[in-house]
Amino acid sequence: MSKYPNLGILDELYKLAYGTRPFSSQEARDKICKNEKDITLFRKRIYNFRKGGYIRRDNRGNFKFTRKGISIINFAKIDGLKINELKKDGRWRIIIFDIPQSKSRIRHILRAKLAEFNFHKLQRSVYISPYVCEKEIGELTKLLDIDPYLHLILAESLGPIEIKLKDSF
């Protein structure tokens, strides 16, 4: 289970509505609820999601996710993002980022995730790893919406620093 509150129901709603496809409350209720207790909980959560600005109803009575709703799902997906196989291919991945102060929370999330991905901190906003992880970094960049601020460089050699770093990996 996720550490994010109500993620189970939000995640199911997201599966129904990712992008712009609206979904009806009946369609969601049928997919998520197994008994009367679930239906009551479902109604309470839908009410809270609408009140919190995560979903909205269109003029046909269908629900759509708001930007705020999609962003909370994306942050929850970041938690599950992992490098499944630590595989080396002889090249180095260098991550360089310059995220504005207004997005400092995202910068902290990125640093924590890079540490989880076994990146070594070279400087405050420069991280390095020998593991193949372009796909995961691309997904992380997309979920955090930091594409203009992050650069991934593939390098064959790092010069004298490489000797020090080989001991870290």
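Residues numbered from 1 in each chain as written. Predicted model: local features only at pLDDT ≥ 70, side-chain atom pairs only at ≥ 80, totals over all residues. Heavy atoms only, no water.

## Some thoughts on the overall build of the protein chain
Item 1. Within the protein chain, the regular secondary structure consists of 7 helices and 6 strands.
Item 2. Along its sequence from the N terminus, the protein chain presents helices and strands in the succession α-α-α-β-β-α-β-α-β-β-α-β-α.
Item 3. Buried positions account for 37% of the 169 residues belonging to the protein chain.
Item 4. By sequence separation, contacts in the protein chain at least 24 residues apart represent 66% of the contacts at least 6 residues apart.
Item 5. Of the roughly 10,600 Å² of accessible surface on the protein chain, 50% is carried by carbon and sulfur atoms. (Helix = DSSP H or I, 4+ residues; strand = E, 2+ residues; numbered from the N terminus. Buried < 20%, exposed > 50% of the residue type's maximum accessible area, 1.4 Å probe, protein only. Contact = heavy atoms within 4.5 Å. Areas by Shrake-Rupley, 256 points an atom, 1.4 Å probe, with all protein chains shown as cover.)

## Description of the confidence of the model for the protein chain
Item 1. Residues of the protein chain with pLDDT of at least 70 account for 79%, and the chain-wide mean is 81.
Item 2. Least confident of the elements in the protein chain is helix H1 (residues 7–17), whose mean pLDDT is 55; most confident is strand S6 (residues 150–155), at 95.
Item 3. Predicted confidence is poor over residues 1–5, with pLDDT under 50, and the contacts of this stretch with residues over four places away or in other chains come to 6 contacts.
Item 4. A low-confidence stretch, residues 17–22 (pLDDT under 50), is modelled with 10 contacts involving residues beyond four sequence positions or located in other chains. (pLDDT = per-residue confidence, 0-100.)

## Quick notes on the packing of aromatic side chains
Item 1. Counted according to the given criterion, the structure contains 2 aromatic pairs.
Item 2. Ring geometry for Phe49 versus Tyr54: centroids 6.4 Å apart, planes at 85°, classification edge-to-face.
Item 3. Taking the centre distance of 6.0 Å and the plane angle of 20° together, the rings of Phe97 and Tyr127 count as stacked. In this pair, Phe97 is assigned in strand S3 (residues 88–97) and Tyr127 in strand S5 (residues 126–131), connecting sequence segments 30 residues apart. (Phe/Tyr/Trp six-rings, centres within 6.5 Å; stacked < 30°, edge-to-face > 60°.)

## Remarks on the packing of helix H4 (residues 67–80) against helix H6 (residues 134–144)
Helix-helix packing is characterised by the crossing angle of the two axes and by the distance between the axes.
Item 1. In contact at an axis separation of 9 Å, H4 and H6 are set at 155° when each is read in the N-to-C sense. The angle between H4 and H6 places the two elements in the roughly antiparallel class. The two elements H4 and H6 meet at a crossing, and its hand is left-handed. Contacts from Asn74, Phe75, Lys77 and Ile78 in H4 reach Leu140, Leu143 and Leu144 in H6.
Item 2. Here the contact of H4 with H6 is composed, by residue class, of 5 nonpolar, 1 polar and 1 charged. (Axes fitted to C-alpha atoms, helices over the stretch in contact; angles between N-to-C directions. Parallel < 35°, antiparallel > 145°, perpendicular 65-115°, else oblique. Left-handed = near helix turned anticlockwise from the far one by under 90°. Nonpolar A, V, L, I, M, F, W, Y, C, P; charged D, E, K, R; others polar.)

## Brief notes about the side chain of Glu162
Item 1. The topology assignment puts Glu162 in helix H7 (residues 161–166).
Item 2. The buried category is assigned to Glu162, whose relative accessible area is 14%.
Item 3. Polar side-chain contacts of Glu162 include one of 3.0 Å to the backbone nitrogen of Leu158. (Polar contact = N/O pair within 3.5 Å; in protein donor to acceptor, adjacent residues only side chain to side chain.)

## Topic: the pairing of S5
Taken residue by residue, a regular strand's side chains alternate between the two faces of the sheet.
Item 1. A large share of S5 lies buried, amounting to 6 of its 6 residues.
Item 2. The sheet contact formed by S3 and S5 spans 5 bridges and is antiparallel. In the sheet register, Lys88 faces S5, and the bridge partner there is Tyr131.
Item 3. With 3 bridges connecting them, strand S4 (residues 120–123) and S5 associate as antiparallel partners. For His120, the partnering residue across the bridge sits in S5 and is Ile128.
Item 4. What sits between the antiparallel neighbours S4 and S5 is a turn of 2 residues. (Pairing = 2+ DSSP bridges.)

## Here's the deal with H6
Item 1. Among all positions of H6, only Glu136, Ile137, Leu140, Thr141, Leu143 and Leu144 are buried. Seen from one end, H6 has its buried residues packed into an arc of 165°, which puts them on one side. Away from its buried face by more than 90 degrees, H6 exposes Lys135 and Lys142.
Item 2. Immediately beyond the C-terminal end of H6, within one or two residues, lies Asp145, with a positive phi of roughly 60°. (Arc of directions from axis to C-beta.)

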